[in-house]
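Next come the chains, spelled out residue by residue.
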Amino acid sequence: MPECDSVGMIVVGGSSSRRLAEDLAKELGVGLLQATSNRFPDGESYIRLETEKLDKEVVIVQNTHPDDMLVELLLLQDAAWRLGSENITNVIPYFGYARQDKLFNVGEAVSAQVMAEHIEMKADKVVTVDIHTDGVLDWFKRAKGVNVHATKCIGSFFTNGGIDLVLAPDKGAAERAREVAEILGSDWDHLVKTRLSGTEVKIAPKRLDVKGRNVLIVDDIISTGGTIEAATMQLRSLGAKRVIAACTHGLFTMGALDRLRKCCDKVISTNTIESEASGISVAPAIARAI
Ligand code: R5P
């Protein structure tokens, strides 16, 4: 087995994040080692880093979602540590379980805290991308937690893309729309839902007209796609020329991607979760944080 020939630092890609690991290694100008991952007949995860020795500094890129990826992440940390790594950075592009970040009901677990406690047993630094709330990083007591934003990467992707208006689906996400719009030099706004009657709801931009304009909706997560679908229908009925949807984390559950492709002109996500729609790389943002 060959030894890794990089100088001082190496990026290790787990099976959730192979393309992003490759981008990140290029961005940092260091070596790349893609982990071998497999399954035992009973379904348990098996991983191996095929090298004799690892650099002192290792950057492991792997999500905590879905559950088997979390197990793989813990195994990767251990394998890196056994191969001599003294400084382990975990890049967790999509930090699953961040949404259960407090007790909503008595008797529950605080999932985000559980994740942090287990991950920092072998991590010195943890880098996340557009994590549900920055507060989750406070659960890391020993490891240093850093969250980076995907807005620059999303904005750069759409430069010269003819976007007239960047829209957030709600007020809480307005800052994200503003940041992307600033890069594009376009207008920005957020959608507001107004209840007209018991059965009627109107969704429209708070300040600006969308008629005849190319609109980019930016969100942190697309899960079922319901939020983007409803917004797109409304924007079309208000006369928007093109509607493009972009998000950081493309979970695309319940056939969301197929459904959204029918109503939006384009649907794209970053590569925090790899899929056929993950065309925007967040490697530059992560590299800046390492
Ligand atoms: C909500 O706060 C988030 O920012 C997203 O808008 C939401 O998670 C999207 O979910 P879905 O795609 O299921 O509508």
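The coordinates are above.
Throughout what follows, the structure given in this document is the object of discussion. All residue numbers refer to positions counted from 1 along the written sequence of the respective chain. In view of the model being predicted, local features appear only for residues whose pLDDT reaches at least 70, and side-chain atom pairs are presented and counted only at 80 or more, with totals across whole chains, interfaces and linings using the full set of residues. As a rule here, side-chain values cover all heavy atoms of the structure and leave hydrogens and water aside.

**Here we look at the overall build of the protein**
By the criteria applied, helices consist of DSSP H or I runs no shorter than four residues and strands consist of E runs no shorter than two, each listed in order from the N terminus. Of the regular secondary structure elements, the protein holds 8 helices and 14 strands. Atoms considered for the radius of gyration are the C-alpha atoms alone. The globule rule reads 2.2 Å times the number of residues to the power 0.38. For 290 residues, the compact-globule estimate of 2.2 N^0.38 gives 19 Å, and the protein sits close to it at 20 Å. Once the C-alpha set of the protein is aligned to its principal axes, its extents read approximately 65 × 50 × 35 Å. Using a 1.4 Å probe on the protein chains alone, a residue whose accessible area is under 20% of its type maximum counts as buried, one over 50% counts as exposed, and one in between counts as partly exposed. The buried share of the protein, reckoned over its 290 residues, is 51%. For the protein, contacts bridging at least 24 residues in sequence account for 60% of all contacts bridging at least 6. Reported accessibility uses the Shrake-Rupley method at a 1.4 Å probe radius. Residues are deemed covered only where the shown protein chains occlude them. Summed over all atoms, the accessible surface of the protein reaches about 13600 Å², with 50% contributed by carbon and sulfur. Positive charge is attributed to Lys and Arg, negative charge to Asp and Glu, and no charge count is given to His or to the chain ends. A charge is said to be at NZ when it belongs to Lys, at CZ for Arg, at CG for Asp and at CD for Glu. For the protein, the distance from the average position of its 34 positive side-chain charges to the average position of its 40 negative side-chain charges is 6 Å. Note on definitions: a residue-residue contact is assigned when non-hydrogen atoms from the two residues lie within 4.5 Å.

**With respect to the pattern of salt bridges**
Pairs can form between side chains of opposite charge once their charged atoms are near each other. Put simply, a salt bridge is a Lys or Arg side-chain nitrogen that is within 4 Å of an Asp or Glu carboxyl oxygen. Applying the stated rule across the entire model yields 12 salt bridges. Linking Arg-236 and Asp-265 is a salt bridge whose minimum nitrogen-to-oxygen distance equals 2.9 Å. Here Arg-236 is found in helix α6 (residues 226-237), whereas its partner Asp-265 is found in the loop between α7 (256-263) and β14 (266-269), with 29 residues between them in sequence. Residue Arg-236 is classed as partly exposed on the basis of its relative accessible area, which comes to 31%. One network of salt bridges, with partners in common, ties together Asp-78, Arg-82 and Lys-122.

**A look at the side chain of Ser-45**
Secondary-structure assignment places Ser-45 in strand β4 (residues 45-48). According to the relative accessible area criterion, Ser-45 is buried, its value standing at 15%. Those residues in contact with Ser-45, other than ones at most four positions away along the chain, are Asn-38, Arg-39, Phe-40, Asp-68, Val-71 and Leu-75.

**Points about helix α5 (residues 174-184)**
Listed in full, the buried residues belonging to α5 are Ala-174, Arg-176, Ala-177, Val-180, Ala-181 and Leu-184. For α5, the buried positions fall inside an angular range of 155° around the axis, keeping them on one side. Buried-residue contacts for α5 involve α4 (151-157), β9 (165-168), β10 (187-195) and β12 (214-222). The first or second residue beyond α5 is Gly-185, which carries a positive phi of 70°. This arc is taken over the directions from the axis of the helix to the C-beta atoms.

**Focus: the site of the ligand**
If a single non-hydrogen atom of a residue is within 4 Å of a molecule or strand, that residue counts as near it. The ligand sits among Asp-219, Asp-220, Ile-221, Ile-222, Ser-223, Thr-224, Gly-225, Gly-226 and Thr-227. Between the ligand and Gly-225, the relevant distance is 2.8 Å, taken from an oxygen atom to a main-chain nitrogen or oxygen of the residue. If the ligand stood free it would expose 380 Å²; the protein chains cover 70% of that surface. By residue number, the principal contributor to the shell around the ligand is β12, which donates 4 residues. Residue classes in the shell around the ligand are distributed as 2 nonpolar, 5 polar and 2 charged. Any pair of N or O atoms that falls within 3.5 Å is considered a polar contact. Within protein, one atom must be able to donate a hydrogen and the other to accept it, and sequence-neighbouring residues count only if both atoms are side-chain atoms. Throughout, the ten residues Ala, Val, Leu, Ile, Met, Phe, Trp, Tyr, Cys and Pro are labelled nonpolar, Asp, Glu, Lys and Arg are labelled charged, and all others, Gly among them, are labelled polar.

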